[in-house]
Amino acid sequence: MSNKNNSGDDFLSGDAAAAEGAIAAGCRFFAGYPITPSSEVAERMARRLPEVGGIFIQMEDELSSMAAILGGSWAGRKSMTATSGPGFSLMMENYGLGIMTETPTVIVNVQRGGPSTGLPTLLGQGEFMQARFGTHGSLEAIALAPESPQECFDFTIRAFNLAERFRTPVILLMDESVGHLFEKVRIPPHDEIEIINRKTPKEVPYAPFEPDEDLIPPMPPLGEGHHIHVTGLTHDEEGRPEMTPARQEKLMSRLVNKIRLHKDEIIDIEEEQLEDADVIVVAYGITARSARRAMVLAREKGIKAGLFRLKTVWPFPTERLEELSKQGKEFVVAEVNAGQAHIMVEQAIRKKATFVGKFGGEPHRPEEILKAIEEALHADN
Amino acid sequence: MPIIKTDKYPLDAYLRTERLPHVWCPGCGLGIVLNAFLRAMQNLGMDPDKTVVVSGIGCTGRTAGYVKMDSFHTTHGRAIPFALGIKAARPDLNVVVFSGDGDLFSIGGNHIIHAARRNIDITVIAVNNFVYGMTGGQLAPTTPETSITTTSPYGNLESPFNMAGLMAIAGASYVARWTTVHARRLEKGLEKALSKRGFSFVEVMSPCPTTFGRRNKMKDIIDSMMYYQKYAVIKDNPNPLDGVIKPNEKFVMGEFMDAEDEPTFDDKVWELTKRDFLETSQADRAKWILEHRRHLETLATLIAGENIGPQEGDDHE
Amino acid sequence: MVTEAEKQRLLEREAATIPRGEVYIVEERCKGCGLCIAFCPKKVLVQSDRINEKGYHPPELVEKPPVDVCINCGFCERICPDFAIFVKEKKVNDSEQ
């Protein structure tokens, strides 16, 4: 059992590290529903949150979990839930409510084999697209994909910071392999961790959706005479429902641009050996670790391969990929699904990218990605 | 002396007056429920700055948009878990859920049952108009048999929930039913519900002349309202199982359940955050938990009217 | 047998001791539903001919003292779904009716 101020080195699974990251970031409210392979996140939070004065509730299902964390966030606590594919699907409606009401919160999806009940205990990466397009309506999403327990810890903190900064739900798109991997995690002392909190307004009353110049509104707290009204209907700055095309344009442009105009601040890519690369492998999560090994094997064979690792999967780094494509490089996309990031990559590079996928259950073997690298190299011969 | 025209109304301090007149139809009972609620708040001296109203989707759901308090108009069926999140994080606030029969008992059915079981300290005002009004008049889990709705054009085949009974059995510590025509009793009833700690549930029968009354032989606004005048019967401490509603027959209203001192969910969750509680022995924690358990068998006795549980002499072979 | 004169005297005495009310209306909110009119126990509200901004006919107060008067029961205020009508107690001197 970790000590209370939990700094130091520990040997944790990705799930446990995500929970510790949340606590380090100041999360003091968790509402969730058990689902393999994410239950360990909830279990750790159940044990740890009371120790730090936090509230843990096991809700009756995922729909209510998502609703409860939005309520908890409005009531002033950083909040989080954790789930997997089937639960993620159930959360979609209220995730949209979170986007529309600009509620900061973090949703952890420890992806498993799908669709449907699929492979509850085994790897999948099938929610890449769903993280952005899973809820109805047009929106921009922020999603991060860690590849190690250390990154589960670090990215959860980043997820909370992004959620608070941009007043929006943020998805931590883990996968079962990373979630169940045990590795050393270094937890820094509390004062070395950068924590960002939501802006709060200075005047009372403050309209809950009146944006600052950065398009992000300060968030008024409850119970202080702001008399906020928060609705999922299209609304004006005061939260008053206004269901007209003109208001829809105004509100939705702001919600979308709130993220788009700050893309450079949000997007985080790891680029390895790209400068001289002839073939670039795009991957995220556990697949990136196989891809990295494949890159090494390729280089040993004299193939100039590089790795483009998506640490943030949304917003998608279209511009950077476009730039690299113009340099004449070929691309391979490796993921544990039937082709999702692949679609986004091809759209960015405006040509074919070799796809090496797996439907689920186990990570790629480096040799499988190496084969795809070789294919990509000889593609236009 | 003629009627005096004015632009100020006594409850205006509690209303977002710039949004009036509200969207509800002429003769809709919702304004009456909101009126009674605000009067109850005023009578109790409840601070509107410390009151949060959470609603779902539907005509009743629009209530949140008219109160001059912190208010949330959430997704269909999910007002209660949203409210739970707020109450658990800010137990100092009064949290009131205003929603309709379909929102709370169809899509939201699961959540309200758990909320009653846990005895969350919120007040739920469930407006029952027998139909899904906002979307044009489809059937609801409370629609009486034979009623004509847009999705039961040949007459409703299904039997409705006895919401009051369901709530009492699920563990709500306060359950009452009133109607909009009994406006004074409704006001007093809401005062009581708002004062009680724990999960307080008030079903308010309310007319929807536009989508229900009109199709079901209540040709105008007054007819729709008079249905409740005609068939509601007040009983003193009625049994929650007695809350069944049959079409065009008398039904019972009153206080179906009034349990004292039921421990609330919020109390228990907050206890967990106390250092002493975490550091004591598991045996001591178990003792505290048992001391603070819901008295569900007492509630069962209140409902069944006789001793509940295994008795001496019961056959256990 | 009570004479007409005695009956009138009794009614006047009763009229002097029952509460009296002034009825107020926020006209733009009225939706002409007729509930206040139907539920007034003294039947002193009627639909007026005038229309408000939204085209509804708000109620008008037609009192016929000493009997058909507003008694400040407050039921119209409670049964109105639109926060449009309310009553205030009218202080009456003995000499007024």
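If you're wondering where the values come from, they're calculated on a predicted model, not measured in any experiment.

In terms of nonpolar packing, the biggest core is built from 226 residues, with A:Val281, A:Val332, A:Ile373, B:Val54 and B:Ile125 touching the most fellow members. Ignoring any residue separated from it by four or fewer positions in sequence, one finds A:Ile373 in contact with A:Val279, A:Val281, A:Ala294, A:Ala298, A:Ile303, A:Ala305 and A:Val332.

Taken together, the 33 residues of chain B in the interface contact 38 residues of chain A. For the side of chain B that touches chain A, the elements supplying multiple residues, two or more each, are strand 3 (70–73), helix 2 (79–89) and helix 4 (109–118) of chain B. The greatest single-element share of the side of chain B that touches chain A, amounting to eight residues, is contributed by helix 2 of chain B. A class-by-class count of the residues in the side of chain B that touches chain A yields 15 nonpolar, ten polar and eight charged. With three bridges connecting them, strand 10 (residues 229–231) of chain A and strand 3 of chain B associate as parallel partners. What sits directly across from A:His229, in strand 3 of chain B, is B:Ser71.

This next bit is on the sheet that holds strand 2 (residues 51–55) of chain B. If you trace the nine strands from one edge of the open sheet to the other, you get 10(A)-3(B)-2(B)-4(B)-5(B)-9(B)-8(B)-11(B)-10(B), paired in mixed fashion. Unpaired on one side and paired on the other, strand 10 of chain A together with strand 10 (232–234) of chain B mark the two borders of the sheet. Going across the sheet, the axis of each strand differs from the next one's by a mean of 20°, ignoring polarity.

Bringing unusual backbone geometry into the picture now. Of the consecutive residues A:Trp314 and A:Pro315, the connecting peptide bond is found in the cis state with omega at -5°. Relative to the assigned elements, A:Pro315 resides in the loop between strand 14 (312–314) and helix 11 (318–326). In this chain, C:Pro65 is followed by C:Pro66 through a cis amide linkage whose omega measures 5°. Within the secondary structure, C:Pro66 is located in the loop between strand 3 (59–61) and helix 3 (75–79). Not every positive phi belongs to a glycine, and A:Leu215 is a case in point at roughly 75°. In this structure, A:Leu215 sits in the loop between strand 9 (182–187) and strand 10. One non-glycine residue, C:Asn72, lies in the positive phi region at around 60°. The topology assignment puts C:Asn72 in the loop between strand 3 and helix 3.

Here we come to the domain arrangement of chain B. Assigned domains of chain B: these are domain 1 (12–258) and domain 2 (265–304). Of all the secondary structure elements, the ones that give two or more residues to the side of domain 1 of chain B that touches domain 2 of chain B are helix 2 and helix 5 (163–170) of chain B.

With that out of the way, let us pick up the interface of chain C and chain B. Size of an interface: often given as the accessible area lost when the parts come together. Residue-level contacts link 26 residues of chain C with 28 residues of chain B. Listing elements by their share of the side of chain C that touches chain B, those giving two or more residues are strand 1 (20–25), helix 2 (35–39), strand 3 and helix 3 of chain C. Considering only residue class, the side of chain C that touches chain B consists of 14 nonpolar, two polar and ten charged. As judged from the two bridges shared by strand 1 (residues 4–5) of chain B and strand 1 of chain C, these two strands associate in the parallel manner. Of the residues in strand 1 of chain C, the one forming a bridge with B:Ile4 is C:Tyr24.

Okay, the environment of A:Met344 next. Residue and element names in this part refer to chain A. Within the element layout of this structure, Met344 appears in helix 12 (residues 341–349). Met344 sits in the buried class, given 22 other C-beta atoms within 10 Å. For the pair Met344 and Met129, spaced 215 residues apart in sequence, the C-alpha separation works out to 9.3 Å.

All right, on to the sheet that holds strand 16 (residues 354–357) of chain A then. Through backbone hydrogen bonds, the strands of a sheet pair up, either in parallel or in antiparallel fashion. Residues and elements named next belong to chain A. A sheet is described by the order of its strands in space; here five strands give the open sequence 11-13-12-15-16, paired in mixed fashion. Looking at strand neighbours, the two that pair on one side only are strand 11 (269–272) and strand 16, the edges of this open sheet. On average, each strand axis in the sheet is inclined to that of its neighbour by 20°, with strand direction left out of account. Running at roughly 165° to strand 15 (residues 330–335), helix 12 makes contact with strand 12 (279–283), strand 13 (305–310), strand 15 and strand 16 of the sheet. Here helix 13 (residues 366–377) sits on the sheet in contact with strand 12, strand 13, strand 15 and strand 16, set at roughly 155° to strand 15.

Here we come to helix 10 (residues 286–300) of chain A. Residues and elements named next belong to chain A. Given a rise of 1.5 Å per residue, 15 residues ought to cover 21 Å, and the 22 Å separating the end C-alpha atoms of helix 10 matches this to within 8%. Regarding helix 10, the residues found buried are Ile286, Thr287, Ala288, Ser290, Ala291, Arg292, Ala294, Met295 and Ala298. Looking one or two residues beyond helix 10, the residue adopting positive phi is Gly302, at roughly 90°.

All of the buried residues along helix 4 of chain B are B:His111, B:Ile112, B:His114, B:Ala115, B:Ala116 and B:Arg118. Positioned one or two residues after helix 4 of chain B, B:Asn119 has a phi angle of 60°, which is positive.

The rules behind each value
- Residues numbered from 1 in each chain as written.
- Chains lettered and ligands numbered in written order.
- Predicted model: local features only at pLDDT ≥ 70, side-chain atom pairs only at ≥ 80, totals over all residues.
- Core = buried A, V, L, I, M, F, W, Y, C linked by C-beta atoms within 7 Å.
- Buried ≥ 20, exposed ≤ 12 C-beta atoms within 10 Å, placed from the backbone.
- Contact = placed C-beta atoms within 7 Å.
- Helix = DSSP H or I, 4+ residues; strand = E, 2+ residues; numbered from the N terminus.
- Nonpolar A, V, L, I, M, F, W, Y, C, P; charged D, E, K, R; others polar.
- Pairing = 2+ DSSP bridges.
- Axes fitted to C-alpha atoms, helices over the stretch in contact; angles between N-to-C directions.
- Domains from an automatic or database assignment.
- Expected span 1.5 Å × (residues − 1).

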